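Chains, contacts and geometry: an overview
Okay, here's what each chain looks like letter by letter:
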Amino acid sequence: YTRGTVTAFSPFDARADAEALRKAMKGMGTDEETVLKILTSRNNAQRQEIASAFKTLFGRDLVDDLKSELTGKFETLMVSLMRPTYIFDAHALKHAIKGAGTNEKVLTEILASRTPAEVQNIKQVYLQEYEANLEDKITGETSGYFQRLLVVLLQANRDPDSGVDESLVEQDAQVLFRAGELKWGTDEEKFITILGTRSISHLRRVFDKYMTISGFQIEETIDRETSGDLEKLLLAVVKCIRSVPAYFAETLYYSMKGAGTDDDTLIRVMVSRSEIDLLDIRQELRKNFAKSLHQMIQKDTSGDYRKALLLLCGGDDE
């Protein structure tokens, strides 16, 4: 069951696709249209089969060929589509903590939105692919309460969803109220523990109860009482607990709103959610921002890059 815009293509012929791609990139000039049409209409598993057929038939590496034939954002998008699904997040995190400066935005987006099972998988893949411990890498590049919440999320030990105990809901809501609104200075640790470890269904009830007790949405309190990277991460965690598709709708909206486009975020979200919940994300964007993802992409991007993004997006939500 998927709410993705990209599904398995049928009838699928990996060799025929490999041949079409080779022809599109061979000789003078590249037929970008063929490349983008094939890669956006096959799912990730099929793209891996195409790469394998490409190597079998021509002794060439498909990703290397894409890199040498394409340029700019379009190249980045096509290469991202070719990355095996299970490596995608590990690779994004690796690049977020590599070299000078850490990309906190990427750490926040991925670790706030992935399920505990997905986080376990990311840690394993990271170790296999990069022979390094993801938690060590992240703690080496971050600090303070921001670091501590990331570490809690990396443990991937969130309580499983089971029956909600209303007395515990009341208790957590009171603890958060006392740790934030009622306190001089904020007891960040309470926020980290509760938001990082309680079950999703429990926390949704806690947020309702918090509103009843304090008269504020939990987001408003976090906004007032914390700042910087910690604030962004706490807000992302809260939003993902409320609704992951709504969180990504907002992420996409702000990647394109205003002057300039945050193409890295746009590409990362479109590729990583295309087989999971992009249909829901489109719906949430429509509902919460009165915007169509299709029209935002249309207005904010151009060329083959735009064509490929629009195909990944699927339809328009009028």
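Rules used throughout
Residues numbered from 1 in each chain as written. Predicted model: local features only at pLDDT ≥ 70, side-chain atom pairs only at ≥ 80, totals over all residues. Heavy atoms only, no water. UniProt positions renumbered as here; feature names shortened; annotations may be inferred. Helix = DSSP H or I, 4+ residues; strand = E, 2+ residues; numbered from the N terminus. Rg over C-alpha atoms; globule rule 2.2 N^0.38 Å. Buried < 20%, exposed > 50% of the residue type's maximum accessible area, 1.4 Å probe, protein only. Contact = heavy atoms within 4.5 Å. Areas by Shrake-Rupley, 256 points an atom, 1.4 Å probe, with all protein chains shown as cover. Lys, Arg positive; Asp, Glu negative; His and termini not counted. Charge placed at Lys NZ, Arg CZ, Asp CG, Glu CD. Core = buried A, V, L, I, M, F, W, Y, C linked by side-chain atoms within 4.5 Å. Phe/Tyr/Trp six-rings, centres within 6.5 Å; stacked < 30°, edge-to-face > 60°. Disulfide = S-S within 2.5 Å. Polar contact = N/O pair within 3.5 Å; in protein donor to acceptor, adjacent residues only side chain to side chain. Salt bridge = Lys/Arg side-chain N within 4 Å of Asp/Glu carboxyl O. Domains from an automatic or database assignment. Axes fitted to C-alpha atoms, helices over the stretch in contact; angles between N-to-C directions. Parallel < 35°, antiparallel > 145°, perpendicular 65-115°, else oblique. Left-handed = near helix turned anticlockwise from the far one by under 90°.

As annotated in an unreviewed UniProt entry, the protein carries the name Annexin and is attributed to Oceanites oceanicus. Under the heading Sequence similarities (unreviewed entry), UniProt records this for the protein: "Belongs to the annexin family."

1. Considerations on the overall build of the protein
The helix and strand tally for the protein stands at 20 helices and zero strands. Computed over C-alpha atoms, the radius of gyration of the protein comes to 21 Å, within 12% of the 20 Å expected from 2.2 N^0.38 for 318 residues, which places it in the range of a compact globule. Buried positions account for 48% of the 318 residues belonging to the protein. Within the protein, counting contacts between residues at least 6 apart in sequence, those at least 24 apart form 71% of the total. Carbon and sulfur atoms provide 48% of the accessible area of the protein, an area that totals close to 15,000 Å². Separation of charge centres in the protein, based on 42 positive and 51 negative side chains, amounts to 2 Å.

2. Here we look at the nonpolar core
Membership of the largest hydrophobic core comes to 97 residues, with the highest contact counts inside it found for M78 and M270. Looking at this core, the element that brings in the most residues is helix α15 (residues 228-242), giving nine residues. Each residue touching M78, except ones within four places of it in the same chain, is listed here: V35, L36, L39, L66, L70 and A308.

3. Looking at the environment of L149
Examined against the element boundaries, L149 turns out to sit in helix α10 (residues 144-155). A C-alpha to C-alpha distance of 8.7 Å links L149 and E189, two positions 40 residues apart in sequence. With residues up to four places along the chain from it excluded, the contact list for L149 reads I192, G196, L230, L233 and L234.

4. Thoughts on the packing of aromatic side chains
A full pass over the atoms with the stated rule returns seven aromatic pairs. With a centroid separation of 5.0 Å and an interplanar angle of 65 degrees, the aromatic rings of Y126 and Y130 are classed as edge-to-face. Taken together, the positions of Y126 and Y130, both in helix α8 (residues 116-130) and four residues apart, correspond to about one turn of that helix. Owing to a relative accessible area of 23%, Y130 belongs among the partly exposed residues under this scheme. Arranged with centres 6.1 Å apart and planes meeting at 90 degrees, the rings of Y254 and F289 form a pair that is edge-to-face.

5. A word on unusual backbone geometry
At the junction of S10 and P11, the peptide bond is cis and its omega measures out at 0 degrees in the coordinates. Along the chain, the position of P11 falls in the segment before α1 (14-25). Residue A156 is not a glycine yet carries a positive backbone phi of 55 degrees. Inspection of the secondary structure assignment puts A156 in the loop between α10 and α11 (166-179). Of note in this structure, A290 is not a glycine but carries a positive phi near 50 degrees. Assignment of secondary structure puts A290 in the loop between α18 (278-289) and α19 (293-300). Under the relative-accessibility criterion, A290 is labelled exposed at 60%.

6. Some points on the state of the cysteines
Two cysteines joined by a covalent bond between their sulfur atoms form a disulfide. On inspection of all chains with the given rule, the structure shows zero disulfides. Counting only cysteine sulfurs, C240 is the nearest neighbor of C313, a cysteine outside any disulfide, at a range of 20 Å.

7. With respect to the side chain of S292
Along the chain, S292 falls in the loop between α18 and α19. Polar contacts involving the side chain of S292 include one to the side chain of D316, which spans 2.6 Å. Excluding its chain neighbours within four sequence positions, the residues that come into contact with S292 are L285, R286, D316 and D317.

8. Thoughts on helix α20 (residues 303-313)
Among the residues making up α20, those that are buried are Y305, A308, L309, L310, L312 and C313. Residues of α20 that are buried in the fold lie against α2 (32-41), α5 (72-82), α17 (263-273), α18 and α19. Looking one or two places after α20, you find G314, whose phi comes out positive at around 85 degrees.

9. Some details on the side chain of E231
Along the polypeptide, E231 turns up in helix α15. This buried residue, E231, is left without a salt bridge; K232 holds the nearest opposite charge, at 7.0 Å. Beyond its immediate stretch of four places on either side in the chain, E231 contacts I222, D223 and T226.

10. Let's talk about α5
Within α5 the residues assigned to the buried category are F74, L77, M78, V79, S80, L81 and M82. Tucked into the core, α5 has its buried residues touching α2, α3 (44-58), α4 (62-69), α6 (85-96), α17 and α20.

11. A short note on the domain arrangement of the protein
It is common to report an interface's size as the accessible area lost on association of the parts. Split into domains, the protein comes out as domain 1 (14-82), domain 2 (89-155), domain 3 (166-242) and domain 4 (244-313). Computed from C-alpha atoms alone, the centre-to-centre distance between domain 1 and domain 2 is 29 Å.

12. Structural notes on the packing of helix α12 (residues 188-197) against α15
Contact geometry for α12 and α15: axes closest at 11 Å, N-to-C directions at 30 degrees. On the basis of the axis angle, α12 is roughly parallel to α15. As α12 packs across α15, the resulting crossing turns out to be left-handed. Contacts between α12 and α15 pair E188, F191 and L195 from the former with L230, L234, V237, V238 and I241 from the latter.

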